[in-house]
Amino acid sequence: MSSTIKDVSRMAEVSTATVSNVITGKKYVTPEVRERVFSCMKKLGYSPNIAARALKANKTYNIGVIVPDITNPFFGEILKSIQAELSRTDYQMIVCDTDQKVEKERRMLTGFLTARQVDAVILIAPRLPVESFPQNINMPIVIVDRPPFMNNSKLSFVYSDNRTSSAMIASYAFNAGYRKFACIAGPENVPNANLRLEGFTDQLSVYGIKKDQIVIKRIEFTFEQGFDAMVQILAERKSDERIAVFVCSDIAAWGALEAIKTGGVRINESIGLIGYDDSFFSRLLELSTYQTPTEQMGSIAGTIILKKLENTSYDEPETKVSGQLKIRKTI
C-alpha cells in the first residue's frame, strides 16, 4: 500500500498543512522541519501526485524558459541557477531554444501565452523588437539580460548595465596604451550587442578616438564567426600596429583567440583581446573579459517568477546587477 501525506505528517510529527507547504514552497517552513519532512518522505517512499494537484489547482506547474542558444555556456549558467530555485518547488522548466532566430522566439512566446501549457515564462536575452512584443500578457513573465522596455505589472526585468561595462573595457584598453581598436560586435537585432558596441565606441570618443577609426565586425555569437572576424582583422591590420580587440561575447572571443594563435600573432603584444561574459572556459584560457553575474541573474529570475506565481499582485519591475572586469593574460 502506498504512503500518503498523512503518513508523512505522522512520522515527521507535523501537520499535513506543513507537509504541503514543504512540497509546494508556498509558505515558509524552517530548514530543520523541511529537512525532517523530506527525510520522512524518502523513508516512506512518498511522492506527491503533482498531476492530480495541478488539475485541482488549475495549474500546470510548468514554467516556459526561452533561450537563444542552449549550447552557449553563458545561457547554460543562467538556466542552471533558475533550475536551482525551481527545484525547491514542484515547478518544472520547459526549455525552448530559438536558435538565435527572432521569428522562432516570437512563435514560442506566443505559443506559451495562448496554449496554457505553462503558468509563467522566463525569457533569456530576447531579440524581439519592442513593437513586436505581445501586448496582452496573461501570465507572469521575467525577462533576463535585457533592460526594461515595457511597463506592465506582469513583466519583470533582471539585467546588467551593458553600456557602462563596455565603457569600462574601452577605458582599460586605452589606459593600457592601445591606440588602435576593433570591436567584434553581435547582430544588430540583439539589444545587448548594440549597447556593448555603443558603450565601447562612445567611451573611446572621450579619448579622441572616433567611431570611424574603429574596425567593427558584426557577427552572430559563435566560435566560428568569432574566428572568421578575427582573421579579417588580422588581414587588414598593418604589421606594426598594436590593436585592442573587444569581442562582445566570450564564445566568439574563444574563436578570435584561436585565430590569433593560428595566425602566429603574439597575444598581448601585437594584439590585445578582451571578451564579455566570463563563461567557465574563459578562465581556463586566461581570457580577459567582463564577468556578467549569470548565477545571480538566474537565481533572481527564478525567485521573482515564483513570487509572482504565489502572489498575483507581486510586482518587481526591474533588478539591475553588477559584474566586474577580469583582467588575465590576453590584454
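Residues numbered from 1 in each chain as written. Predicted model: local features only at pLDDT ≥ 70, side-chain atom pairs only at ≥ 80, totals over all residues. Heavy atoms only, no water.

Visitor: Any chance you could break down the environment of Val144 for me, citing the residues and the numbers?
Guide: Relative to the assigned elements, Val144 resides in strand E4 (residues 141–144). The spacing of Val144 and Cys96 is 48 residues in sequence and 15 Å in space, taken between C-alpha atoms. Among residues more than four places away in sequence, those in contact with Val144 are Ile78, Ile122, Leu123, Ile124, Ala125, Pro126, Val158, Met297 and Ala301. (Helix = DSSP H or I, 4+ residues; strand = E, 2+ residues; numbered from the N terminus. Contact = heavy atoms within 4.5 Å.)

Visitor: Help me get a handle on the packing of aromatic side chains, residues and values and all.
Guide: The final tally for this structure, using the stated rule, is 11 aromatic pairs. Arranged with centres 6.3 Å apart and planes meeting at 50°, the rings of Phe246 and Tyr276 form a pair that is tilted. Remark: Tyr276 occurs in strand E9 (residues 271–277) and Phe246 occurs in strand E8 (residues 243–247); sequence separation between them is 30 residues. The exposure class assigned to Tyr276 is buried, which follows from its relative accessible area of 0%. (Phe/Tyr/Trp six-rings, centres within 6.5 Å; stacked < 30°, edge-to-face > 60°. Buried < 20%, exposed > 50% of the residue type's maximum accessible area, 1.4 Å probe, protein only.)

Visitor: Now, about the pattern of salt bridges: what can you tell me, with residues and values included?
Guide: A side chain of one charge can pair with a side chain of the opposite charge when the charged atoms of the two come close. Applying the stated criterion across every chain yields a total of 13 salt bridges. Across the salt bridge formed by Glu220 and Arg127, the nearest N and O atoms sit 3.2 Å from each other. Highlighted residues: Glu220 in the loop between strand E7 (215–218) and helix H9 (223–236) and Arg127 in the loop between strand E3 (120–124) and E4, separated in sequence by 93 residues. Take Glu220: its relative accessible area is 23%, and that puts it in the partly exposed class. One network of salt bridges, with partners in common, ties together Arg163, Glu198 and Asp202. (Salt bridge = Lys/Arg side-chain N within 4 Å of Asp/Glu carboxyl O.)

Visitor: Explain unusual backbone geometry to me, and be specific about the residues and the numbers.
Guide: The bulk of non-glycine residues show a negative phi, and the bulk of peptide bonds are trans. In this structure, Asp145 takes a positive phi of about 65° despite not being glycine. For Asp145, a relative accessible area of 3% translates into the label buried. Unusually for a residue other than glycine, Glu286 sits at a positive phi of about 60°. Turning to its location among the elements, Glu286 is positioned in the loop between helix H11 (280–284) and strand E10 (288–291). Given a relative accessible area of 34%, Glu286 falls into the partly exposed group.

Visitor: Help me get a handle on the environment of Ser166, residues and values and all.
Guide: For Ser166, the position within the fold is in helix H7 (residues 162–175). Residues Ser166 and Phe200 lie 34 residues apart in sequence; the distance between their C-alpha atoms is 5.0 Å. Residues within four places of Ser166 in sequence aside, it is in contact with Arg196, Gly199, Phe200, Phe246 and Tyr276. Among the polar contacts made by the side chain of Ser166, one reaches the main-chain carbonyl oxygen of Asn162 at a distance of 2.9 Å. Reaching out from Ser166, the side chain makes a polar contact with the backbone oxygen of Arg196 at a distance of 3.4 Å. (Polar contact = N/O pair within 3.5 Å; in protein donor to acceptor, adjacent residues only side chain to side chain.)

Visitor: Tell me about the sheet that holds strand E2 (residues 92–97), and please be specific about residues and values.
Guide: The sheet built from 6 strands is open, its strands ordered E2-E1-E3-E4-E5-E11 with parallel pairing. Of all strands in the sheet, those with a lone pairing partner are E2 and strand E11 (318–321), marking the two edges. Ignoring strand direction, the axes of neighbouring strands in this sheet form an average angle of 15°. One ladder, built from 4 bridges, connects strand E5 (residues 155–160) with E11; its direction is parallel. (Pairing = 2+ DSSP bridges. Axes fitted to C-alpha atoms, helices over the stretch in contact; angles between N-to-C directions.)

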